[in-house]
Amino acid sequence: MNEITVFALALLAVPVFARFAKVAKEAMGMYHLIGLGGLFLILGEATRITAAKIGIVASLSPVIDFTTTILSFAGVLVGTLWLSYYYIKHPKEI
């Protein structure tokens, strides 16, 4: 298991830990956005693994890898910035 897979699993765990921490309902969507970034990373890793076996996937692999990486980064970035703004606006929920 490489570091991308471990990072993806850690991102997927973010909404679970937020639920255990009893985060407000308004903020849960932001945590789910970070978890969605983990799903995109797993999709990229699954594409990389599948590309070794299926030729069509191998030819599409660079495009899929680029797209999933950008979408994952965007999800984590937007989720983090949105959470930062939310907690600056609601400091008593920290």
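Residues numbered from 1 in each chain as written. Predicted model: local features only at pLDDT ≥ 70, side-chain atom pairs only at ≥ 80, totals over all residues. Heavy atoms only, no water.

Draft legend 1. Representation of the packing of aromatic side chains in the model. For the structure shown, the criterion picks out one aromatic pair. On the basis of an interplanar angle of 75° and a centroid distance of 5.2 Å, the ring pair of Tyr-86 and Tyr-87 is categorised as edge-to-face. Across this residue pair, the class does not change: Tyr-86 and Tyr-87 are buried. (Phe/Tyr/Trp six-rings, centres within 6.5 Å; stacked < 30°, edge-to-face > 60°. Buried < 20%, exposed > 50% of the residue type's maximum accessible area, 1.4 Å probe, protein only.)

Draft legend 2. Spatial organisation of the pattern of salt bridges. Overall, the coordinates contain one salt bridge when judged by the stated rule. Ionic pairing is found between Glu-45 and Arg-48, a salt bridge with its closest N-O pair at 2.9 Å. Pair noted here: Glu-45 and Arg-48 are both in helix H2 (residues 25–51), with a separation of three residues, about one helical turn. The buried category is assigned to Glu-45, whose relative accessible area is 11%. (Salt bridge = Lys/Arg side-chain N within 4 Å of Asp/Glu carboxyl O. Helix = DSSP H or I, 4+ residues; strand = E, 2+ residues; numbered from the N terminus.)

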